[in-house]
Amino acid sequence: MYNHNTNYRDYSTNGGGGDCTNFASQILRAGGWTDVNGYYTDYHYWWYTFANQSYTWVGAYPVYNFLNYSGRGTPKNRSSDLVVGDILQANWGHGEGISHSMIVSTKHNDGRVYLSYHTNDTLDRPLSDIVATSPGASFYAWHINDTFSSLKPQTVVGKK
């Protein structure tokens, strides 16, 4: 989590962008997603090589479109519908549109969701904390329709 995977480029210092969607894409690939090769700017494709990558690999809004068009993700209306390995995206409400991707890393029995993400390397931050500190933000929840779909929510007992 805090040591970036050296098999992938680190976008955390990449101008106006960040490493959040790259981090999420690495997790999706590790979970069984295969590349969909095609023109790098087209939202219908998702791939990475060390020399280049699709916009959908690194961009929050492009991967939103890929999830929507590819059928690899199903939009959810409630965070309680998310399971470990799903994606939550944010539009912080500052005019930039969808600009952040996070992975559900823990889900408690009572439905509390915790998220992990990059750019600011973060492990298991409560969704309730993100919502409370982000007035005006909009969130987009995605259930991943692939290998992660078979994972059962992680149960954490006695941890607050």
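Our structure is the block above this text.
Residues numbered from 1 in each chain as written. Predicted model: local features only at pLDDT ≥ 70, side-chain atom pairs only at ≥ 80, totals over all residues. Heavy atoms only, no water.

J.: Is there a simple way to explain unusual backbone geometry in this structure?
T.: Backbone phi values are negative for most residues with the exception of glycine, while trans is the configuration of most peptide bonds. With a phi angle near 55°, Asp124 is a residue other than glycine that sits in the positive phi range. Within the fold, Asp124 resides in strand 5 (residues 122–126). (Helix = DSSP H or I, 4+ residues; strand = E, 2+ residues; numbered from the N terminus.)

J.: Quick question: what am I supposed to make of the pattern of salt bridges here?
T.: Pairing is possible between side chains that carry opposite charge, provided their charged atoms lie close to one another. One pass over the full model with this rule turns up four salt bridges. One salt bridge connects Arg112 with Asp110, and the closest N-O pair in it is separated by 2.8 Å. Residue Arg112 is classed as partly exposed on the basis of its relative accessible area, which comes to 32%. For Asp110, a relative accessible area of 54% corresponds to the exposed category. Close ionic contact of Arg125 with Asp129 constitutes a salt bridge, the shortest N to O distance being 2.7 Å. You can call Arg125 partly exposed: its relative accessible area is 24%. (Salt bridge = Lys/Arg side-chain N within 4 Å of Asp/Glu carboxyl O. Buried < 20%, exposed > 50% of the residue type's maximum accessible area, 1.4 Å probe, protein only.)

J.: Any chance you could explain the environment of Leu123 here in plain terms?
T.: Its location among the elements puts Leu123 in strand 5. Using a relative accessible area of 44% as the deciding quantity, one classes Leu123 as partly exposed.

J.: Teacher, can you tell me more about the sheet that holds strand 6 (residues 138–144) here?
T.: The antiparallel open sheet is built from six strands, whose spatial order is 1-6-2-3-4-5. Only two strands of the sheet have a single neighbouring strand rather than two, namely strand 1 (73–76) and strand 5. The average angle at which neighbouring strand axes cross in this sheet is 35°, direction not considered. Here strand 2 (residues 87–91) pairs with strand 3 (residues 100–107) via four bridges, running antiparallel. Looking across to strand 3, one finds that Ala90 is bridged to His100. Together, strand 1, strand 2, strand 3 and strand 6 form the strand contacts of helix 3 (residues 60–70), whose direction differs from that of strand 6 by roughly 45°. (Pairing = 2+ DSSP bridges. Axes fitted to C-alpha atoms, helices over the stretch in contact; angles between N-to-C directions. Contact = heavy atoms within 4.5 Å.)

J.: So what exactly am I meant to see when it comes to the nonpolar core here?
T.: Considering soluble globular proteins, one finds that nonpolar side chains tend to be buried as a cluster. In terms of nonpolar packing, the biggest core is built from 15 residues, with Leu28, Trp33, Trp46, Leu67, Ile87 and Ile144 touching the most fellow members. Broken down by secondary-structure element, the contributors of at least two residues to this core are helix 1 (20–30), helix 3 and strand 6. For this core, the element with the most residues is helix 3, which contributes three residues. Residues Val104, Tyr117, Leu127 and Ala141 belong to the second largest nonpolar core, which totals 11 residues. (Core = buried A, V, L, I, M, F, W, Y, C linked by side-chain atoms within 4.5 Å.)

Shape is all these values report; function is a separate question.
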